[in-house]
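Listed below, chain by chain, are the residues.
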Amino acid sequence: VRHKVNLQSLMNQLQIEKEVYRKALAEYQSIEKANYDSIISTSQTLFNSGEIDYFGYIQAMDAASSINLRYLLNEFGENILRIEGWICWIYRSVG
């Protein structure tokens, strides 16, 4: 019985942690993706019209790439998968 209570407690904690990461990931996707798209679009327009030079264009691309890289390398996705794996294990264990 104690084993089952400990697993249930762990499962509840993981469910909360999973939801925190899921919300953070959704926010990141909605806000940062828009920032990335805006930087790319604006810098291409400004470069094509001659309002910024190649160096300015490269700086903007670097900033956009940093946003995209943070998204691709973030721990949110990995943590959600890890938590879901633990939750599945707990469900099987608790039965």
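Scroll up to find the structure this text is about.
Residues numbered from 1 in each chain as written. Predicted model: local features only at pLDDT ≥ 70, side-chain atom pairs only at ≥ 80, totals over all residues. Heavy atoms only, no water.

Novice: Quick rundown of the overall build of the protein? Include the residues and the values.
Specialist: In terms of helices and strands, the protein carries 3 helices and 0 strands. Of the regular secondary structure in the protein, the N- to C-terminal order runs α-α-α. With 95 residues in all, the protein has 22% of them scored as buried. If you take every contact in the protein between residues at least 6 apart in sequence, the share linking residues at least 24 apart comes to 81%. Entry remark: accessible area of the protein is about 6800 Å², with carbon and sulfur atoms responsible for 58%. (Helix = DSSP H or I, 4+ residues; strand = E, 2+ residues; numbered from the N terminus. Buried < 20%, exposed > 50% of the residue type's maximum accessible area, 1.4 Å probe, protein only. Contact = heavy atoms within 4.5 Å. Areas by Shrake-Rupley, 256 points an atom, 1.4 Å probe, with all protein chains shown as cover.)

Novice: Tell me about the environment of Glu-32, and please be specific about residues and values.
Specialist: Positionally, Glu-32 belongs in helix H1 (residues 2-48). Relative accessible area serves as the criterion here: at 18%, Glu-32 is assigned to the buried category.

Novice: So what's going on with the packing of aromatic side chains? Which residues, and what values?
Specialist: Applying the stated criterion to the full structure yields 2 aromatic pairs. An aromatic cluster is present here, built from Phe-47, Tyr-54 and Tyr-57 joined pairwise through their rings. (Phe/Tyr/Trp six-rings, centres within 6.5 Å; stacked < 30°, edge-to-face > 60°.)

Novice: So what about the pattern of salt bridges? Which residues, and what values?
Specialist: Applying the stated rule across the entire model yields 1 salt bridge. For Asp-37, the salt bridge identified is with Lys-33, shortest N-O distance 2.9 Å. Of the two residues, Asp-37 and Lys-33 are both situated in helix H1; the distance of 4 residues between them amounts to about one turn of the helix. (Salt bridge = Lys/Arg side-chain N within 4 Å of Asp/Glu carboxyl O.)

Novice: Tell me about the side chain of Ser-43, and please be specific about residues and values.
Specialist: Along the polypeptide, Ser-43 turns up in helix H1. Overall, Ser-43 belongs to the buried group, its relative accessible area being 3%. Within the structure, Ser-43 has its side chain in polar contact with the backbone oxygen of Ile-39 (distance 2.8 Å). Excluding residues that lie within four positions of it along the chain, Ser-43 makes contacts with Ile-52, Tyr-57, Ala-60 and Met-61. (Polar contact = N/O pair within 3.5 Å; in protein donor to acceptor, adjacent residues only side chain to side chain.)

Novice: Kindly report on the nonpolar core, identifying the contributing residues and their values.
Specialist: Of all hydrophobic cores here, the largest spans 6 residues; its members are Leu-7, Met-11, Leu-14, Ile-83, Ile-87 and Ile-90. Listed by contribution, the elements that provide at least two residues to this core are H1 and helix H3 (76-94). Those residues in contact with Met-11 that lie beyond four places of it in its chain are Ile-87, Ile-90 and Tyr-91. (Core = buried A, V, L, I, M, F, W, Y, C linked by side-chain atoms within 4.5 Å.)

Novice: Go over the environment of Thr-42 with me, naming the residues and quoting the values.
Specialist: Locating Thr-42 in the fold gives a position in helix H1. The exposure class assigned to Thr-42 is partly exposed, which follows from its relative accessible area of 40%. Spatially, the C-alpha atom of Thr-42 lies 8.9 Å from that of Ala-60, the residues being 18 residues apart in sequence.

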